[in-house]
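Coordinate inspection notes
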Number of protein chains: 2
Amino acid sequence: MSISRRTLLRGVGAGAAAGMIGGPGLMSSAFGAVGDMSKEAQHSLFSKFKGNVVLLPGKYNGTVSAMDLSGPETLAWYNYGLAGIDMPIPHHIAAMPSADPYKGFDFYQTMQPPGAPYINENSPQWRNRGDFKMFKMRYDGSGSQNSIHVVNDISATTGMALGVHVSIGVGPNAQKYVAFADGQKDMVLITTIDDDPKIVKAFRADYDPIARQVNVSHVFPDSSTKKFDFQGRKGMKTSHEAMLGEELMPADPTAVFVDAFTWHPTLPLGAILIRRHGCCVIVNTDTWEPLALVSTAKGSPDFFPLVKQSGYTWTFSVPSVLTPLHEAGFITSGQYFLACNNVLQNNIAVFRSEDPDPRKWKKEAFVEGFGNKYLPLHMGNVPDSRWAFFTIWARKPNNGFICKVDPKTWKVVAKWDTGPDPHTCDCTVDGQYITTVYSGNQGGQSGLVVIHADSNEVVARLPSAAGHHDHVVVPESWEGLKSSRSTSV
Amino acid sequence: MSISRRTLLRGVGAGAAAGMIGGPGLMSSAFGAVGDMSKEAQHSLFSKFKGNVVLLPGKYNGTVSAMDLSGPETLAWYNYGLAGIDMPIPHHIAAMPSADPYKGFDFYQTMQPPGAPYINENSPQWRNRGDFKMFKMRYDGSGSQNSIHVVNDISATTGMALGVHVSIGVGPNAQKYVAFADGQKDMVLITTIDDDPKIVKAFRADYDPIARQVNVSHVFPDSSTKKFDFQGRKGMKTSHEAMLGEELMPADPTAVFVDAFTWHPTLPLGAILIRRHGCCVIVNTDTWEPLALVSTAKGSPDFFPLVKQSGYTWTFSVPSVLTPLHEAGFITSGQYFLACNNVLQNNIAVFRSEDPDPRKWKKEAFVEGFGNKYLPLHMGNVPDSRWAFFTIWARKPNNGFICKVDPKTWKVVAKWDTGPDPHTCDCTVDGQYITTVYSGNQGGQSGLVVIHADSNEVVARLPSAAGHHDHVVVPESWEGLKSSRSTSV
């Protein structure tokens, strides 16, 4: 009689059944951070993922969890309601590197209030609940009870609460900085990565619809409190994060819908992504000076020109917009900057981004062929830049899909309909597998899918009832972070 | 080039990559209730579970989800926060039968306020949040977007809010009744199963510590409103559900800690489980008269005697208690009633329960050998009663385990350390596999494990970040419900 189980047990309670060895009391009494699933049937399928801990924020259940993909097993989870938030919406996430993620790692989590149009496109039940927050979090798997806890409420520490993308500095900015962004407040905050983070720099972007100019400004904390006054809903231009397409008709005419700050992997540069105007501010991460405003639309010039600098405000002329964009970022090598133009143009702009002076970058190609209703959205890297993966989102009743792009030809070479409402792609630490989540349009089918990056086989699918909009595989090193949620979002 | 995916796609975006057939626009535009995973690697492992939809209440994330075990994929989920509750704790669950659960089914969900000692054994962050509730819920998989929604807030409809076990009538009570119970209020409510449920009968139990008597009473709704006045926290004797062992030292001396109402599968009888006094009230489900109070401890007589009936109150003498119990229920055939004695005695009492007169039932055996620190708790049935499964719970740092009992010998014949803090067992509709959930002591390792009931192999493990205390496989028929959350809990 063969009994597969977590810890091999040698006894039975009654000690008398045929085929059983030994008596009672031989039960393993301790439980460690990770169980032994080697005798279980799923081991053949999942053991190849050893070393990959996947962090899964549950946008619609208010939790974050750490999952051992090789179990597969949830290692620990945390309900942000414990931090005092009613209906928390954990939105975006980034993990610090860890040589042994089973033992421990830190991560960053942003959240938005549910005024954002998540449930049923604007569920009234969610209004006036939730909050903007950024947390530094810690997973501790070193003892007998795994746990996740809050290290720092960065929104309270800095006085600025931003709810969208978070990305950790790499390359010249490794071991230094983390960036947060928000499209309701049109702000970006850079802080240090220590447990009591310090404000490094903050940006605000505004559109002047009369002058047709985008102003990018440094903003500063109050000189006496050393903090900003942008906690909670303070500083909001719009009542909710713009839905795809809403970039074209913002309630606030100054809105630009800042999406994220992504980091160049080899140069002291970063990009502030601006959805509404299809452009990205390329910033010097030594001086934090905006150096250029790249225009990503097909048919537009490569840049919107700087027309004025006055004090801490840089003014760019944006006379016309051919398309909004959404996520954008660098390929792992840093050779290319890719921007997902969508809503009006569904293509991916490819800038060559090797020159230290971003004013010399050039649009070299576009990934095309997505048609009218499929919108390029999130981007996922692999360590050696042999592929780039994209989420191609579509409104109900269309599922959207995941696609693989060959950076030698900028052609789509594979695509997968993984399920409705697909979201971020990431890769396993060995660069062999792509993980991707889908949320089932906020209530329906949802889960995590694992794809072999080269053979294109769907190698695993796992259920999830959390409504994932983002996820991250904990990187093993600062070099590994370059293909995680840092260069791209 | 082989591409496995949910819906077989024949086109690529660029339409130009080698090995790709056709052009763009061949993407499937509709998404149905269930995806096609037949080309995916996990299909070999999971396709044998076709037909099994598992309902998973997330005690610590406030959601309930329906999972297709054959995907595996989450089909839909619902956040009870949408029903206006701050920090909802979905506690116990029971599903109505459905010939095609992928298309739709109804289920019942109870919840407790988080004053109950869940997080870190009494997390102060949870106090004064949450609520007692019973909901009739519906899964709708008939359209293009799966969904779960509230059909009826039974606590509001009846005026009585109970937060622990729920069980649906079977056998003579099939297609009629559902029972709810609560150990903070020591009440049981029976309602009809229609979408606008009617009050059928309600019970309250109290201990008289001076007379050493347990009083079991019928309680009645207000004659003018036709409702009870026990919503929210009204009617609570204790601030939280008794932890295991707390039965011995209740804050309220009248507390008996009612746990559940379980239904006899072949006779018009049911059992009200009373934790503190290690006894169960056997009730006639035609007249709702308490017929007998069976005493489940080893070394006690088979019954505590009825000493008085006065109006709608039945008084039983309970002079001494050798052990508390927790869950108890009938084996699928109805031949035996099994009660999990724990805290002072860790054994399972076996009553022969075939006689229509419960005063003739007899304790025939005990399942023993669990030692001091392992407590028999939940019970799981299979359709043909060839085995009974039990959760054997243990306090940290011990994991607890799942065990299989042979009803021919009442010996434990297999056990599995599935993970820390194991909870309910259920079986697939074919009776071949046992599903069981573990919650990792409310923050740590957690998931769902599937065991072959006969070969004892662990055939699958899935992660879950919800902290499961209960789950149910949707039964396919009223006969199938007899081995679901009805006869046992």
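Along every chain, residues carry numbers that run from 1 in the direction the sequence is written. To label them, take the chains in the order written and letter them from A, then take the ligands in the order written and number them from 1. Selection of residues for local features in this predicted model requires a pLDDT of at least 70, selection of side-chain atom pairs for listing and counting requires 80 or more, and totals for whole chains, interfaces and linings are taken over all residues. The side-chain numbers reported here are obtained from all heavy atoms of the structure, hydrogens and water having been left aside.

1. Some points on the sheet that holds strand β2 (residues 63-68) of chain A
Residue and element names in this part refer to chain A.
- Pairing is antiparallel in the open sheet, where four strands are placed in the order β3-β2-β1-β32. Edge strands, defined here as strands with exactly one partner in the open sheet, are β3 (73-79) and β32 (472-473).
- Note: two strands are recorded as paired if DSSP finds a minimum of 2 bridges between them. Only runs of H or I of at least four residues qualify as helices and only runs of E of at least two qualify as strands under DSSP, and these elements are numbered from the N terminus. One ladder, built from two bridges, connects strand β1 (residues 53-58) with β32; its direction is antiparallel. If you follow Leu-55 over to β32, its bridge partner there is Val-472.

2. Considerations on the environment of Tyr139(B)
Residue and element names in this part refer to chain B.
- By the element assignment, Tyr-139 lies in strand β6 (residues 133-140).
- Relative accessibility under 20% of the residue-type maximum defines a buried residue, over 50% an exposed one, and the middle range a partly exposed one, all with a 1.4 Å probe and only protein chains included. Exposure remark for Tyr-139: the relative accessible area of 1% places this residue in the buried category.
- Note on contacts: a residue pair is in contact if any heavy atoms of the two residues lie within 4.5 Å. If near-sequence neighbours (up to four positions away) are discounted, Tyr-139 is found in contact with Ala-66, Leu-75, Ala-76, Pro-101, Tyr-102, Lys-103, Gly-104, Phe-105, Phe-107, Asn-146, Ser-147 and Ile-148.
- Distance and chemistry together define a polar contact, namely a pair of N or O atoms within 3.5 Å, with one atom able to donate a hydrogen and the other to accept it when in protein, and with adjacent residues in sequence counting only for side-chain atoms on both sides. Within the local environment of Tyr-139, its side chain forms a polar contact with the side chain of Asn-146, the two groups lying 3.4 Å apart.

3. Quick word on empty space enclosed by the protein
- Grid spacing is 1 Å over the protein atoms alone, the probe is 1.4 Å, and a cavity is where that probe fits but cannot get out, while a pocket is an open set with protein on both sides within 12 Å along at least five of seven lines and lining residues have an atom within 4 Å of a point. Grid points are joined across faces, edges and corners, and a volume is the space filled by probe spheres set on the points. Overall, the coordinates contain four cavities of 30 Å³ or more when judged by the stated rule.
- Its volume calculated, the second largest cavity comes out at about 300 Å³.
- What lines the second largest cavity is a set of 28 residues, and nearest its centre among them are Pro463(A), Ser464(A), Ala465(A), Ser464(B) and Ala465(B).
- Counting residues per element, the ones that place at least two in the lining of the second largest cavity are β2 and β31 (458-463) of chain A together with β1 (53-57), β2 (63-68) and β31 (458-463) of chain B.

4. Here we look at the side chain of Asp153(A)
Residue and element names in this part refer to chain A.
- Mapped onto the secondary structure, Asp-153 falls in strand β7 (residues 147-153).
- Accessibility expressed as a relative area gives 18% for Asp-153, which makes it buried.
- In terms of polar contacts, Asp-153 uses its side chain to reach the side chain of Lys-133, at 2.7 Å.
- Beyond its immediate sequence surroundings of up to four residues, Asp-153 is in contact with Lys-133, Met-134 and Phe-135.

5. Considering the side chain of Ser488(B)
All names here are of chain B.
- As for its position among the elements, Ser-488 is in the segment after β32 (472-473).
- You can call Ser-488 buried: its relative accessible area is 1%.
- There is a polar contact of 3.3 Å between the side chain of Ser-488 and the backbone oxygen of Met-379.

6. Some thoughts on the pairing of strand β11 (residues 199-208) of chain B
All names here are of chain B.
- Here five bridges tie strand β10 (residues 187-192) to β11, and the two strands are oriented antiparallel to one another. Residue pairing across strands places Ile-190 opposite Lys-201, the latter belonging to β11.
- Following β10, the chain reverses through six residues before pairing antiparallel with β11.
- With six bridges connecting them, β11 and strand β12 (residues 213-218) associate as antiparallel partners. Looking at the pairing, Phe-203 lines up with His-218 of β12.
- Hairpin connection, β11 to β12: the antiparallel pair is bridged by four residues, and Arg-212 has positive phi, about 55°.

7. Overview of the sheet that holds strand β26 (residues 401-406) of chain B
Residue and element names in this part refer to chain B.
- Read across the sheet, four strands follow the order β24-β25-β26-β27 without closing on themselves; strand pairing throughout is antiparallel. On the outer flanks of this sheet lie β24 (375-381) and β27 (411-416), each paired with one strand and no other. Taken pair by pair, the neighbouring strands of this sheet meet at an average axis angle of 30°, ignoring direction. Every angle, taken between N-to-C directions, lies between 0 and 180 degrees, and every axis is a line fitted to C-alpha atoms, over only the stretch in contact when it is a helix.

8. Remarks on the packing of aromatic side chains
- Under the pairing criterion, centres of Phe, Tyr and Trp rings, with the six-membered ring standing for Trp, must be within 6.5 Å; the plane angle then separates stacked pairs below 30 degrees from edge-to-face pairs above 60, leaving the rest tilted. Under the defined criterion, the tally for this structure stands at 42 aromatic pairs over all chains.
- Note on Trp77(A) and Tyr60(B): the rings are 6.1 Å apart at their centroids and 35° apart in plane angle, and the pair reads as tilted. Taken together, the residues Trp77(A) in strand β3 and Tyr60(B) in the loop between β1 and β2 connect one chain to another.
- Since its relative accessible area comes to 5%, Trp77(A) is described here as buried.
- Since its relative accessible area comes to 2%, Tyr60(B) is described here as buried.
- Where Phe105(B) meets Tyr139(B), the ring centres are 5.1 Å apart and the plane angle is 25°; that geometry is what we call stacked. Of this pair, Phe105(B) sits in strand β5 (residues 104-112) while Tyr139(B) sits in strand β6, and the two are 34 residues apart along the sequence.
- Taking relative accessible area as the criterion, Phe105(B) reaches 4% and is therefore assigned buried.
- These aromatic residues form a ring-pair network of at least three members: Tyr177(A), Phe261(A), Trp263(A) and Trp288(A).
- The lysine or arginine in question, Lys408(A), covers the ring of Trp387(A), its NZ or CZ lying 5.7 Å from the ring centre. Charge over a ring is defined by NZ of Lys or CZ of Arg lying within 6 Å of the ring centre and within 35 degrees of the ring normal.

9. Comments concerning the pattern of salt bridges
Residues and elements named next belong to chain A.
- Any Lys or Arg side-chain nitrogen found within 4 Å of a carboxyl oxygen on Asp or Glu counts as a salt bridge. For the coordinates displayed, the defined rule picks out 51 salt bridges over all chains.
- Residue Glu-354 is joined to Arg-352 by a salt bridge in which the shortest nitrogen-to-oxygen separation is 2.9 Å.
- A residue is classified by how much of its surface remains accessible, and Glu-354, at 40% relative accessible area, is partly exposed.
- Classification of Arg-352 as partly exposed rests on a relative accessible area of 28%.
- Glu-364 is the partner of Arg-352 in a salt bridge, and the nearest nitrogen-oxygen pair spans 2.8 Å. Linking Arg-352 in strand β22 (residues 347-352) with Glu-364 in strand β23 (residues 362-367), this pair joins segments that are 12 residues apart in sequence.

10. Concerning unusual backbone geometry
- In this model, Gly71(A) is joined to Pro72(A) through a cis peptide bond whose omega is -10°.
- As for its placement among the helices and strands, Pro72(A) is situated in the loop between β2 and β3.
- A cis geometry characterises the amide bond from Lys396(B) onward to Pro397(B), with omega recorded as 5°.
- Residue placement: Pro397(B) occurs in the loop between β25 (388-393) and β26.
- One non-glycine residue, Lys226(A), lies in positive phi territory at about 65°.
- Here Lys226(A) shows up in the loop between β12 (213-219) and β13 (258-263).

11. Examining the pairing of strand β20 (residues 325-330) of chain A
Residues and elements named next belong to chain A.
- For β20, a buried count of six out of six residues is recorded, marking the element as mostly surrounded by other parts of the structure.
- As judged from the four bridges shared by β20 and strand β21 (residues 336-341), these two strands associate in the antiparallel manner. Its bridge partner lying in β21, Phe-330 is registered against Phe-337.
- From the end of β20 to the start of β21, which pair antiparallel, there are five residues, and Gly-334 there has a positive phi angle of about 85°.

12. A short note on the environment of His149(A)
- Turning to its location among the elements, His149(A) is positioned in strand β7.
- Between the alpha carbons of His149(A) and Cys425(A) there is a distance of 25 Å; along the sequence they are 276 residues apart.

13. Digging into a nonpolar patch on the surface
- Patches were defined on residues exceeding 30% relative accessible area and lacking a salt bridge, with like-charge contacts within 9 Å and nonpolar side-chain contacts (Val, Leu, Ile, Met, Phe, Trp, Tyr) within 5 Å. With residues, only the protein chains shown are counted as cover, and all accessible areas are computed by Shrake-Rupley using a 1.4 Å probe. On the surface, a nonpolar cluster with roughly 330 Å² of combined accessible area is contributed by Leu248(A), Met249(A) and Leu344(A).
- Looking at where Leu344(A) falls in the secondary structure, it is placed in the loop between β21 and β22.

14. Let's talk about the confidence of the model for chain A
- The pLDDT averaged across chain A works out to 90; a share of 91% of its residues lies at or above 70.
- Summary of the metric used: pLDDT quantifies the predictor's per-residue confidence within the range 0 to 100. Confidence drops under pLDDT 50 across residues 1-33 of chain A; counting only partners more than four residues distant or on other chains, this segment forms 100 contacts.

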